[in-house]
Amino acid sequence: MTYRLAIFDFDGTLADTFGWFSRTIEEVGRRWGLDPEARPPLAEMRRLSAREVIETLRIPAWKLPLVARDMRRRAALAAGEMRLFEGVEEMLARLDEGGVALALVSSNGEAAVRGALGPRNAARFRHFSCGAAIFGKSSAFRHTVRRVGVSPAICIGDELRDAEAARAAGLAFGAVAWGFTDGDTLEARARPDYLFTSVSEIAERLAPISTAAAGAATEGVTGAR
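Each value, and the rule that gives it
Residues numbered from 1 in each chain as written. Predicted model: local features only at pLDDT ≥ 70, side-chain atom pairs only at ≥ 80, totals over all residues. Heavy atoms only, no water. Helix = DSSP H or I, 4+ residues; strand = E, 2+ residues; numbered from the N terminus. Rg over C-alpha atoms; globule rule 2.2 N^0.38 Å. Buried < 20%, exposed > 50% of the residue type's maximum accessible area, 1.4 Å probe, protein only. Contact = heavy atoms within 4.5 Å. Areas by Shrake-Rupley, 256 points an atom, 1.4 Å probe, with all protein chains shown as cover. Axes fitted to C-alpha atoms, helices over the stretch in contact; angles between N-to-C directions. Parallel < 35°, antiparallel > 145°, perpendicular 65-115°, else oblique. Nonpolar A, V, L, I, M, F, W, Y, C, P; charged D, E, K, R; others polar. 1 Å grid on protein atoms, 1.4 Å probe; cavity = no way out; pocket = protein on both sides within 12 Å on 5 of 7 lines; lining within 4 Å. Points joined across faces, edges and corners; volume = space filled by probe spheres on them. Polar contact = N/O pair within 3.5 Å; in protein donor to acceptor, adjacent residues only side chain to side chain. Phe/Tyr/Trp six-rings, centres within 6.5 Å; stacked < 30°, edge-to-face > 60°.

Undergrad: Outline the overall build of the protein, listing residues and values.
TA: Helix and strand content of the protein: 11 helices and 8 strands. For the protein, the C-alpha radius of gyration of 18 Å lies close to 17 Å, the compact-globule estimate for 225 residues. Put simply, the protein has 225 residues, and 52% of those count as buried. Relative to all contacts within the protein whose residues are 6 or more apart in sequence, the contacts with residues 24 or more apart total 69%. Carbon together with sulfur atoms contributes 50% to the accessible area of the protein, which is approximately 11,100 Å² in total.

Shown next as structure tokens:
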């Protein structure tokens, strides 16, 4: 399948925010009166879905929007601490220059996302849909496809809820093995169309360099010598 649109998640997919999340969830938990004894080891949390995490942390339904809003606010303030995974800038450039349209759907706020991406990387995206509800990504995916006007599309993320939302929107799903959810768990429970084990593999799969282009590039290097 040749995809013309790649819709990326942000946290855990493009940016390494796991450390920030683990620190912040403790602070947010104290503020909103969440039971610290209910929080399992992070290794165990990585094998759970978002719904299972919420149940495990015993977050009441009425508090969930408040906790999510607080997390987004803190993320915007900490945008300078968030770092892209190694190779993300090169991968985005290769997809963009290879004719794959880029979009981003995230529960995080747009200020934090753009701050972490930086102006050059952010400019490669045709559409941002940020501040999505934790379980509201499917509608954001459908809206993004309509807004960009390009298909077929693939959603790329690091959580089971990303896979569920992609399926609900009728889109393909590519799972990344380096994010919040454990890669083996994603493969077994999400059954993704692709399981990417490295950042560079995304570009290799979605925007492969043609034989002719590779030959031209080789000739250029040889000629330069």
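Undergrad: How would you sum up the packing of helix 5 (residues 88-97) against helix 10 (residues 199-206)? Please name residues and give values.
TA: The N-to-C vectors of helix 5 and helix 10 enclose an angle of 10°; their axes lie 8 Å apart at closest approach. Here helix 5 is positioned roughly parallel relative to helix 10, judged by the angle of their axes. Only Val199, Ile202, Ala203, Glu204 and Leu206 of helix 10 make contact with helix 5, whose side of the interface consists of Val88, Met91, Arg94 and Leu95. Residues that form the contact of helix 5 with helix 10 fall into these classes: 7 nonpolar, no polar and 2 charged.

Undergrad: With reference to specific residues and values, describe empty space enclosed by the protein.
TA: Under the criterion given, the structure shown has 1 cavity of 30 Å³ or more. Estimates place the volume of the largest cavity at around 670 Å³. Those elements giving two or more residues to the lining of the largest cavity turn out to be helix 1 (18-31), helix 3 (50-57) and helix 4 (64-77). The element best represented in the lining of the largest cavity is helix 4, accounting for 6 residues. Along the lines of polarity and charge, the residues of the lining of the largest cavity split into 17 nonpolar, 6 polar and 6 charged.

Undergrad: Run through the side chain of Asp9, naming residues and quoting values.
TA: When you line up the elements, Asp9 lands in the loop between strand 1 (5-8) and strand 2 (15-16). Of the polar contacts made by the side chain of Asp9, one reaches the side chain of Thr13; its length is 2.9 Å. A polar side-chain atom of Asp9 sits 2.8 Å from a polar atom in the side chain of Lys137. With residues near it in sequence (within four places) discarded, Asp9 still touches Leu14, Val105, Lys137, Ile156, Gly157, Asp158 and Asp162.

Undergrad: Give me the lowdown on the packing of aromatic side chains, citing residues and values where you can.
TA: For the coordinates displayed, the defined rule picks out 6 aromatic pairs. Measuring from ring centre to ring centre gives 6.5 Å for Phe8 and Phe125, while their planes differ by 80°; the resulting arrangement is edge-to-face. Here Phe8 is found in strand 1, whereas its partner Phe125 is found in strand 5 (residues 125-130), with 117 residues between them in sequence. The exposure class assigned to Phe8 is buried, which follows from its relative accessible area of 0%. On the basis of an interplanar angle of 15° and a centroid distance of 5.7 Å, the ring pair of Tyr194 and Phe196 is categorised as stacked. Considered together, Tyr194 and Phe196 belong to a single accessibility category, that of buried residues.

Without other data, these values stay purely geometric and don't point to any function.
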